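Letter by letter, the chains look like this.
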Amino acid sequence: MDPAGPENPGKPSFVARLAASVSDPVLRILVGATLISRVGRGIFLTVTVLYFTFIVGLAPHEVAIVLSAASAAGVIAAFGGGWLADRASSKRLLIAFTAIEGVALITYVFAGDFVTALVIAVVCGLFEQGANSTRSAIIARAFVGESRVQARAVLRTVTNVAIAAGSGLGALALAIGTAEAYRALIVGAGVLYLLGLIQLVRLPSRVDAPARKPVTPVTTATGSFDAGASAEAAAAERRAWRRHSPWRDPRYLLLTALSAIFGMQFGVAELGVPLWIARETTAPEAVVAALLILNTVIVVIFQVPLSRGTHDLHVAARVSGIAAWLMAAACLVYASAAGLPIGFAITVLVIAATVHAFAEVLSQAGGWGLSFELADPVQAGSYQGVFGMGYTVGALAAPLVVNATAISHGFSGWVVLAAIFLASGLGTWWLARRAARTVDAAATASGDAAASAS
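Residues numbered from 1 in each chain as written. Predicted model: local features only at pLDDT ≥ 70, side-chain atom pairs only at ≥ 80, totals over all residues. Heavy atoms only, no water.

Selection criterion: UniProt positions are given in the numbering used here, feature names are shortened, and annotations may be inferred rather than shown by experiment.
As recorded by an unreviewed UniProt entry, the protein carries the name MFS transporter and is attributed to Agromyces fucosus. In UniProt, the protein has this text filed under Subcellular location (unreviewed entry): "Cell membrane".

As C-alpha cells, then:
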C-alpha cells in the first residue's frame, strides 16, 4: 500500500514521517542508545531522593548537598566534554563517559553514608554532563543546517518518552518500599546505561573532529632542520587555533548567558509550580503530576514539528521572541491561580502549564538553532560545551531565583520572574535578528561582487 495513503497521495503518513525523521544512520544509533539509557535515567530520577532519605538514611540537608554537588560538577564537565571532543575521538569519549556513568549508578547500592553518596553523585554528575556535551558535538559535526536541529528535537522527544517509561518502572520501588526493591531498580538503571553502549559502538568515524594537521617542519636553505623557525610555526598554529575559541566570541557568550537565564524555566516547573500549588492554591497536590504529564505530552507531540526551520536565524529569532512572551504570560497565569475555588484553580493551572510547555518547546528550538549556526565549526565541541555549561549554571541558579521571587513574594515575585524571562527571551530575539542582518548583508555583498565580476 502507498504509505501516503489513498486520501492524501501527496502527504506521507504519520508512520512514514516518523521513520523518515530517523532515516540518518547516526541519528538512528543515537536514538536507540538514548531510548535505552534514558529509561534508566527515568528510573533513577524517580527513586533518588527517597532512596537517599529512607535507605541510605541521609538528612534532608545532606540530600540537598549531594544533589547540588552533582549539578556543580556538571558545570565543569559540560565544557570539558566539548573541549575534549575537539581533541579526541567523540565516539570513544561518549562510550567511555556513558560506561563510567552506568557503573557509577550501580555503585549507589553500596552507598551507606553521606560521604560515599556525595562522591558517587559527583562522579555521576561529571560524566553525565560530559556525555551530553560530547553528544552535542557529535550532532554538530554529523549533521548540517536544519537536520542538526531536527536531530536535537528527535532526541529530546525520545528522551521524554523514555524517562516517562522509566518513571513508571521506578514507581514499582516506591510501591514495594523495601531496600531490596530500591537497589534492584538502581542496578537495573545502571545496566540500561551499559546496554546503550551496544548502539554507540556502531557510530561511524565521521562523528569525530577532523584531525589537526601537524605543523610542517621548517628547513634552511641547505635542507637542515630549522628549530627556531619550526617552533615559531608551531606557536603560530596554536595562536590560530585559539582564535577559534568560544571564549573569544562575545556574541556566543551572550547567547549562552541569555539561554542560561531563560533555562531557569525548568526550575519553575520542577520547584516553583509544585510549591505554589501546595502552599497557595486550593488545587490538590495530585495536579502536580498531571501537569508534568501534560508537559511531556506536549513536548513529545510538538517538539519536532515546531523545531523545523530554526536553523534559519530569522526563524530562530521569531520563535525565541514568541517563547519570551509565552513564558512571561505563563508566570502571571500561574500566579493568578492563588485563592481561586478548586475548579477554577485547576483550570487556570492547566492553562498556565500548557502555555509554559509551548514556551519551553519554542525556546529549546530557537536555542538549538542559534547554538549551532552561531558556532565556529573549527571548535564545534568547545562551543557546544560552553552552551551546555550555560544551561547547567542556569539549572543551579533556578532553585535560588524561583524561591527568592515567586515562592517568597507571591504575585509580585511571579511578576519579577516574568520580567526576567521576558528580558532574556527578547534579548535572544534581538541577538538572533542582529546576526541574521549580518548574514544577509554578507550574502548581498557577495552577490554584488559576483555580479560585478561577471
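### Concerning the side chain of Ser 371
Spelled out, the test is: Only DSSP runs of H or I with at least four residues qualify as helices, and only runs of E with at least two residues qualify as strands; both kinds are numbered from the N terminus onward. Each residue gets one of three labels from its accessible area relative to the maximum for its type: buried under 20%, exposed over 50%, partly exposed in between, using a 1.4 Å probe on protein chains only. We call two residues in contact whenever any of their non-hydrogen atoms come within 4.5 Å of each other.
Mapped onto the elements of the fold, Ser 371 is located in helix H14 (residues 342-373). For Ser 371, a relative accessible area of 0% translates into the label buried. Ignoring any residue separated from it by four or fewer positions in sequence, one finds Ser 371 in contact with Tyr 252, Leu 255, Gln 384 and Phe 387.

### Points about a nonpolar patch on the surface
Applied cut-off: Nonpolar side chains (Val, Leu, Ile, Met, Phe, Trp, Tyr) within 5 Å and like charges within 9 Å form the patches, drawn only from residues with over 30% relative accessible area and no salt bridge. Residue exposure ignores everything except the shown protein chains as possible cover, and the areas themselves are Shrake-Rupley values with a 1.4 Å probe. We define a salt bridge as a contact between a side-chain nitrogen of Lys or Arg and a carboxyl oxygen of Asp or Glu at a distance within 4 Å.
There is a patch of nonpolar side chains on the surface, built from Val 187, Val 191, Leu 195 and Ile 198 and spanning about 300 Å² of accessible area. Within the secondary structure layout, Val 191 lies in helix H7 (residues 179-195).

### Things to note about the pattern of salt bridges
For the coordinates displayed, the defined rule picks out five salt bridges. A salt bridge links Asp 24 to Arg 206; the nearest nitrogen and oxygen atoms lie 3.7 Å apart. Taken as a pair, Asp 24 in the loop between helix H1 (14-21) and helix H2 (25-56) and Arg 206 in the loop between helix H8 (197-200) and helix H9 (227-242) lie far apart in primary sequence, 182 residues in all. In this structure, Arg 141 and Asp 86 form a salt bridge, with 2.4 Å as the shortest nitrogen-oxygen distance. With Arg 141 in helix H5 (residues 114-142) and Asp 86 in the loop between helix H3 (60-85) and helix H4 (90-106), the pair connects residues that are 55 residues apart, well separated along the chain.

### Topic: helix H6 (residues 146-176)
To keep it simple, the criterion reads: Expected span of a helix: the number of residues minus one, times 1.5 Å.
Here H6 is 31 residues long and its end C-alpha atoms lie 46 Å apart, about the 45 Å a rise of 1.5 Å per residue gives. Where H6 ends, the next residue or the one after it, Gly 177, has phi of about 80°, a positive value.

### A word on the side chain of Arg 135
Which entries qualify depends on this criterion: Lys and Arg are tallied as positive, Asp and Glu as negative. Neither His nor the chain termini are counted.
Along the polypeptide, Arg 135 turns up in helix H5. No salt bridge is formed by the buried Arg 135. Its closest oppositely charged neighbour is Glu 101, at 6.5 Å. Residue contacts for Arg 135: discarding those within four places in its chain leaves Leu 30, Leu 94 and Leu 155.

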